[in-house]
Amino acid sequence: MFSMYNQLLEVILNQIIPETKISVLKGNKIFGGAILKKKDLTPVVIGVNNEILNPLYHGEIVTLNKFFSSDYHHKTTPSEYIFLSTHEPCSLCLSAITWGGFDNFYYYFPYSKTKDEFNIPHDLNILKEVFNIQNGKYSKKNKYWKSFSIINEINKIKTADIKILITKIQKINNEYSLLSKLYQKNKNINKIPLN
């Protein structure tokens, strides 16, 4: 398990965050995603938020569009992949992951952090107002997929290697804190309907 979570953190740090920095400078939100092969944890697609182009282009949606525009989906099935999301997917992205045929997703930041630390409450608000789901308590394991909090799963690891993961977690948290400040500073000029 250590190697899988180490790789997920590496993908966030070294692939998603650099693309997110560019995206946030354009006025987009801080969300991103990746799709990795289950068999060897190789990332095949990275995507980040592009809501300034289209308010439906959440990080997960961009990631899915890239995947289904690539040759990967012609040669394999979504169940052969891990879907990685930097933030717990909103209702739009939950549905898209489901319709895409993925049997799993792993997320880094839960809804509570997205709302409280990044000042983006829309995921929880929409789940509550539209679907009557209180506090983001959707079914984490269902007939379509299983979802996993990366942080909760890492907290179950009991090896000395945990220090390596903790260091990466601190780096990711620091990077997203900076990205959030930049997004919040510029969000009033981006014309995204729900910013």
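Look up: the structure comes first, before these words.
So, a few notes on the structure that sits alongside this text. For clarity, every value in this text was computed on a predicted model and none was experimentally measured. Numbering of residues starts from 1 in each chain and follows the order in which that chain's sequence is written. pLDDT decides what is reported in this predicted model: residues at 70 or higher carry local features, side-chain atom pairs at 80 or more are listed and counted, and totals for whole chains, interfaces and linings draw on all residues regardless. With hydrogens and water stripped out, all remaining heavy atoms of the structure feed into the side-chain values.

### Re the packing of aromatic side chains
One pair of aromatic rings is described through two measures. These are the centre distance and the angle between the planes. Whether two aromatic rings pair depends on their centres lying within 6.5 Å, for rings of Phe, Tyr and Trp, where Trp uses its six-membered ring; planes under 30 degrees apart make the pair stacked, over 60 edge-to-face, and the rest tilted. The final tally for this structure, using the stated rule, is 15 aromatic pairs. Considering the side-chain rings of F67 and Y81, the 5.1 Å spacing of their centres and the 75° angle between planes classify their relative orientation as edge-to-face. Placement of F67 in helix α2 (residues 59-69) and of Y81 in strand β3 (residues 81-87) is noted, with a sequence separation of 14 residues between them. You can call F67 buried: its relative accessible area is 0%. Classification of Y81 by relative accessible area gives buried; the value is 2%. Both rings, one in F83 and one in F102, keep their centres 5.5 Å apart while their planes meet at 75°; by these two values the pair is edge-to-face. Taken together, the residues F83 in strand β3 and F102 in the loop between α4 (91-100) and β4 (104-109) connect sequence positions 19 residues apart. F102 matches F83 in its accessibility class, with the two residues each being buried. Counting from the N terminus, the helices are DSSP H or I runs at least four residues long and the strands are E runs at least two residues long. Only protein chains enter the accessibility calculation, which uses a 1.4 Å probe; a residue whose area is less than 20% of its type maximum is buried, one above 50% is exposed, and one in between is partly exposed.

### Quick look at the pairing of β4
Counting buried residues along β4, six of its six residues qualify, which places the element largely inside the surrounding structure. Pairing between strands is defined by DSSP: at least two bridges between the two strands are required. Bridge analysis of β3 against β4 gives three bridges, and the strand direction is parallel. Bridging across to β4, H87 finds its partner in F109. Across four bridges, the pairing between β4 and strand β5 (residues 146-149) is parallel. What sits directly across from Y106, in β5, is F148.

### Things to note about helix α6 (residues 122-131)
Within the sequence span of α6, burial applies to H122, D123, L124 and L127. The elements touched by buried residues of α6 are α4 and α5 (111-116). N132 lies just past α6 and shows a positive phi near 55°. In what follows, a contact means two residues having at least one pair of non-hydrogen atoms within 4.5 Å.

### Considering the sheet that holds β4
One open sheet holds the five strands; their spatial order is β2-β1-β3-β4-β5, and the pairing between them is mixed. Each of the sheet's edge strands pairs with one partner strand only, and the pair in question is β2 (43-48) and β5. With strand direction ignored, the average angle separating the axes of adjacent strands in the sheet is 20°. As paired strands, strand β1 (residues 32-37) and β3 are joined by five bridges and run antiparallel to one another. Bridging from a neighbouring strand, L36 pairs with I82 of β3. In this analysis, axes come from line fits to C-alpha atoms, helices being fitted only over the stretch in contact, and the angle between any two N-to-C directions falls in the range 0 to 180 degrees.

### A look at a nonpolar patch on the surface
Here the term patch refers to residues with relative accessible area over 30% and no salt bridge, with like charges joined within 9 Å and nonpolar side chains (Val, Leu, Ile, Met, Phe, Trp, Tyr) within 5 Å. Note on areas: Shrake-Rupley, 1.4 Å probe, and residue coverage restricted to the protein chains presented here. The working definition used for a salt bridge is a side-chain nitrogen of Lys or Arg within 4 Å of a carboxyl oxygen of Asp or Glu. Judged by side-chain polarity, I126, V130, F131 and L194 come together as a nonpolar surface patch covering roughly 360 Å² of accessible area. Mapped onto the elements of the fold, V130 is located in helix α6. Among the residues examined, V130 registers a relative accessible area of 57% and is labelled exposed.

### Brief notes about the pairing of β2
Burial of β2 is extensive: five of the six residues sit out of reach of the surface. In this structure, β1 lies alongside β2, joined through five bridges in antiparallel fashion. What sits directly across from G32, in β2, is V48. Between β1 and β2, which pair antiparallel one after the other, the connecting turn spans five residues, and L41 there sits at a positive phi close to 65°.

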